[in-house]
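Overview (structure and organization)
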Protein chains: 4
Amino acid sequence: MRRPCIVGVMGGARADAASCENAYRLGALIALQGWVLLNGGRNTGIMEASARGAAEAGGLTIGILPDAHTANASQFVRVAVCTGMGSARNVINVLSSNVIVACSGGAGTLSEIALALKHGKPVITLGYDLSQCLQFYQGHGSVCTAATPQEAIARIQSILDQVSRVD
Amino acid sequence: MRRPCIVGVMGGARADAASCENAYRLGALIALQGWVLLNGGRNTGIMEASARGAAEAGGLTIGILPDAHTANASQFVRVAVCTGMGSARNVINVLSSNVIVACSGGAGTLSEIALALKHGKPVITLGYDLSQCLQFYQGHGSVCTAATPQEAIARIQSILDQVSRVD
Amino acid sequence: MRRPCIVGVMGGARADAASCENAYRLGALIALQGWVLLNGGRNTGIMEASARGAAEAGGLTIGILPDAHTANASQFVRVAVCTGMGSARNVINVLSSNVIVACSGGAGTLSEIALALKHGKPVITLGYDLSQCLQFYQGHGSVCTAATPQEAIARIQSILDQVSRVD
Amino acid sequence: MRRPCIVGVMGGARADAASCENAYRLGALIALQGWVLLNGGRNTGIMEASARGAAEAGGLTIGILPDAHTANASQFVRVAVCTGMGSARNVINVLSSNVIVACSGGAGTLSEIALALKHGKPVITLGYDLSQCLQFYQGHGSVCTAATPQEAIARIQSILDQVSRVD
């Protein structure tokens, strides 16, 4: 893969302090790996926290906005992609990422996990247990869980190693 | 509501015979109520069965295709809307429907349930139990379960009655 | 073609009285042919006029809305498809129609003409002369001009005859 | 504007050598200004040439692909955004760019010019004269013509100066 790996970090526009702290650390670790962080681009919750973490660590951040403008974009998003397509941008988040990390979230995040599974993208849940819900998918190995940002990074690395071994 | 109610019937492109039989009956009952059936438009699984049920009962059927063409559209879809947008058409399925009935399906159907919840659309699951998965949403009353097509129709009617009482 | 022909009628949200009168007549003639009228679904300009013409003549009308809701939909649209995708719905208008008639309009209508040409859909301009602009396409016969709604109908009929002769 | 300016370079997947040479130079000049180049992401024609120009000059390149995958992406695109939405990605190209430069192209490029005009984005045509077609828009100053890549850069700079003076 010549292009840098893109890690999609999904999660709620509203999130508690602990989840945001995790998202911030995850963003920083993604940047330190030389990977690109991609998220939903808004200036709240998991989106703001993960973009801030990556940007402050010197990483490249891409925000796929539901809006036609940048008025509500995070200042930590370096490139704001304006779709003007609302929730349809969730599909773009998934298709553009090599791996998805799903932080704490609601129905929007669940839709992104489901779309990732449909399109064969690996999903790592971070502080968001869906094992009951998705047990029939976990058998196929496409969803796994990480307890910490560090563990999520290790899992991404493991997934990338498998892919490059196949190539 | 001057326009006829649109019932979105979601479900897998692959489905077992019993689920297809349920989808067929559901489609027929929707048509007999004078409602419009909307689905993903393809000629397989729940889509084909539900469109056939509605069409054979004289109802209007709308298929929102992921494709840019009608080559794989069900012959029982009267109006084929070609999006050329792949899974992004799932969002259109949800936004265009007054109520969603989710039949047996996989990750695509789960994405539609999640998108419906995000956009405040009532969801009825038919032969597809997500209570474990979505228990935090069921508390808000936006997901309910039906054991049979007849029960699904009764629940839709109940939802429409609530809406018209508010208007 | 088992499904009825879908005629996409494009044109501005703002339009003068003569253009709206033409769109109204065009809609009525489309309905009388047994064809489905598809447009952008809003309750203004060419959209409102063409939907009204078709609906009052007993035809089926489909509106592909840029919005996620029906608040601004024409009352003459029988089935409102809510995309929530803004201008991206212009692509759906084009892909879903067998033939496009472009009435008086602005940049949005021009985008639909261009998208139709890109996707090989026949375009008839009605009261909107683009011969200067698109002369390099007219050589390929995919754009033609009609002076009246009746002439537009004759041209659609001629296009459908050619298609069925090939099939 | 804290984020770097995004210049959208539009143009055909097929283009003659002179147009590609212009696109290459334009891409290089955009990079030298510190701006981000955004285009349709494919590995042919104006897309390949402009991405190559920018990448070889050390600039950041974003490709908004019509595809759900990167199989046909230019190797000079640093971040490939996979939409899986076909021509609907043209809308994203336009909404995400601060300024559009339209190189030689066909109907797809014309659709992007039209969409840019609809959404109030400044358009500069480079080697692609649409003055006959768009004369009614040029009166509003939103389309202008550049004879060379250098002139296009000067016009972009002038547009950015006007915007920052207003802010």
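Residues numbered from 1 in each chain as written. Chains lettered and ligands numbered in written order. Predicted model: local features only at pLDDT ≥ 70, side-chain atom pairs only at ≥ 80, totals over all residues. Heavy atoms only, no water.

What follows covers the overall build of chain A. Across its full length, chain A holds six helices and seven strands. Counting helices and strands in the order they occur from the N terminus, chain A gives β-α-β-α-β-β-α-β-α-β-α-β-α. Relative to its length of 167 residues, chain A is compact, with a C-alpha radius of gyration of 14 Å against a globular reference of 15 Å. When its C-alpha atoms are laid out on the principal axes, chain A stretches across 40 × 30 × 30 Å. Across the 167 residues of chain A, 59% fall into the buried class. Considering only contacts in chain A between residues 6 or more positions apart, those separated by 24 or more positions represent 58%. Put simply, chain A shows about 6,300 Å² of open surface, and 47% of that area lies on carbon and sulfur atoms. (Helix = DSSP H or I, 4+ residues; strand = E, 2+ residues; numbered from the N terminus. Rg over C-alpha atoms; globule rule 2.2 N^0.38 Å. Buried < 20%, exposed > 50% of the residue type's maximum accessible area, 1.4 Å probe, protein only. Contact = heavy atoms within 4.5 Å. Areas by Shrake-Rupley, 256 points an atom, 1.4 Å probe, with all protein chains shown as cover.)

With that settled, the discussion passes to the side chain of B:Asn90. By secondary structure assignment, the location of B:Asn90 is in helix α3 (residues 89-96). With a relative accessible area of 2%, B:Asn90 lands in the buried category. A polar contact of 2.9 Å, which involves the side chain of B:Asn90, links it to the side chain of B:Arg89. When near neighbours in sequence (up to four residues on either side) are disregarded, B:Asn90 contacts A:Leu115, B:Gly108, B:Ser111, B:Glu112 and B:Leu115. (Polar contact = N/O pair within 3.5 Å; in protein donor to acceptor, adjacent residues only side chain to side chain.)

For the rest of this paragraph, the subject is the nonpolar core. Of all hydrophobic cores here, the largest spans 145 residues; its most connected members are A:Ile62, B:Ile62, C:Ile62 and D:Ile62. Among all residues touching D:Ile62, those that are not within four sequence positions of it are A:Ile62, A:Val79, D:Val36, D:Leu37, D:Leu38, D:Asn39, D:Val77, D:Val79 and D:Val81. (Core = buried A, V, L, I, M, F, W, Y, C linked by side-chain atoms within 4.5 Å.)

Moving on, we get to the confidence of the model for chain A. On average, residues of chain A score 92 in pLDDT, and 93% of them reach the 70 mark or higher. For this predicted complex, the interface score ipTM comes out at 0.95, while the overall pTM is 0.96. (pLDDT = per-residue confidence, 0-100.)

This part takes up helix α1 (residues 17-32) of chain B. Residue and element names in this part refer to chain B. Under the 1.5 Å per step criterion, the end-to-end length of α1 is 23 Å for 16 residues, consistent within 8% with the ideal 22 Å. Its side-chain oxygen placed 3.2 Å from the backbone nitrogen of Ala18, Asp16 serves as the N-cap of α1. Following α1 by one or two positions, Gly34 has its phi on the positive side, about 85°. (Expected span 1.5 Å × (residues − 1).)

Residue and element names in this part refer to chain D. Ordered in space as β4-β3-β2-β1-β5-β6-β7, the seven strands form an open sheet in which the pairing is parallel. Taken across any chain shown, the strands that pair with only one partner, and hence form the sheet edges, are β4 (79-82) and β7 (143-146). Averaged over all pairs of adjacent strands, the angle between strand axes in this sheet comes to 25°, irrespective of strand direction. Across three bridges, strand β5 (residues 99-102) lies against strand β6 (residues 123-126) in parallel orientation. Opposite Ile100, over in β6, you have Val123 as the bridge partner. (Pairing = 2+ DSSP bridges. Axes fitted to C-alpha atoms, helices over the stretch in contact; angles between N-to-C directions.)

One copy of the chain maps onto the other through a rotation about an axis followed by a shift along the same axis. By a simple turn and slide, chain B fits onto chain D: the slide is 0.0 Å along the axis, the RMSD is 0.0 Å, and the turn is 180°. Taken together, the rotation and translation describe the operation of a two-fold axis. Residue B:Met85, judged by its C-alpha, is the member of chain B lying nearest the rotation axis, at 2.0 Å. Interface overlap between copies: 100% of the residues of chain B at the interface are likewise at the interface in chain D, consistent with a symmetric, same-surface contact. (Least-squares fit on C-alpha atoms with pLDDT ≥ 70 in both.)

Counting residues at the interface gives four residues for chain B and four residues for chain D. With both sides pooled, the region where chain B packs onto chain D buries about 230 Å², and carbon together with sulfur makes up 65% of that total. The largest per-residue losses of area from chain B upon contact with chain D belong to B:Gly84, B:Met85 and B:Ala88, which jointly make up 95% of the total buried on that side. Our enumeration of links across chain B and chain D arrives at zero salt bridges. On inspection of chain B and its partner chain D, the count reaches zero residue pairs in polar contact (both at pLDDT 80 or more). Taken together, the residues of the side of chain B that touches chain D sort by class into two nonpolar, two polar and no charged. (Buried area = accessible area lost by both parts, 1.4 Å probe. Salt bridge = Lys/Arg side-chain N within 4 Å of Asp/Glu carboxyl O. Nonpolar A, V, L, I, M, F, W, Y, C, P; charged D, E, K, R; others polar.)

Here we take up the sheet that holds strand β5 (residues 99-102) of chain C. Residues and elements named next belong to chain C. In spatial order, the strands read β4-β3-β2-β1-β5-β6-β7; together these seven strands make up an open sheet with parallel pairing. Each edge of the sheet is formed by a strand with only one pairing partner; in this case those strands are β4 (79-82) and β7 (143-146). Along the sheet, successive strands turn relative to each other by an average axial angle of 25°, direction set aside. In this sheet, strand β2 (residues 36-39) lies alongside strand β1 (residues 6-10) in parallel orientation, the contact comprising three bridges. When the bridges of β2 are listed, Ile6 appears paired with Val36.

In this section: the pattern of salt bridges. All names here are of chain B. Summed over the entire model, instances satisfying the criterion amount to 16 salt bridges over all chains. Arg155 is the salt-bridge partner of Glu151, the closest N and O atoms lying 3.7 Å from each other. Highlighted residues: Glu151 and Arg155, both in helix α6 (residues 149-166), separated by four residues, approximately one helical turn. For Glu151, a relative accessible area of 30% translates into the label partly exposed.

What follows deals with the interface of chain A and chain D. One frequently used descriptor of interface size is the decrease in accessible area upon assembly of the parts. Contact with chain A, which involves 25 residues of that partner, is made by 25 residues of chain D. Here chain A meets chain D over a buried area of about 2,100 Å², counting both sides, of which 64% is carbon and sulfur. When the buried area of chain A at its contact with chain D is split by residue, A:Arg3, A:Arg78 and A:Leu95 rank highest and sum to 27% of it. Across the contact surface, chain A and chain D share zero salt bridges. Counting across the chain A and chain D interface gives six residue pairs in polar contact (both at pLDDT 80 or more). Among the secondary structure elements, those contributing two or more residues to the side of chain A that touches chain D are β3 (61-65), β4 (79-82) and α3 (89-96) of chain A. Take the side of chain A that touches chain D: its biggest share by element is four residues, from β4(A).

Where a strand is regular, its side chains alternate between the two sheet faces. Residue and element names in this part refer to chain B. Side chains Val79 and Val81 project from strand β4 (residues 79-82) onto one buried face, and the interleaved Ala80 and Cys82 project onto a second face that is buried too. Bridging between strand β3 (residues 61-65) and β4 involves four bridges; their strand directions are parallel. By the bridge assignment, Ile62 is partnered in β4 with Val79.

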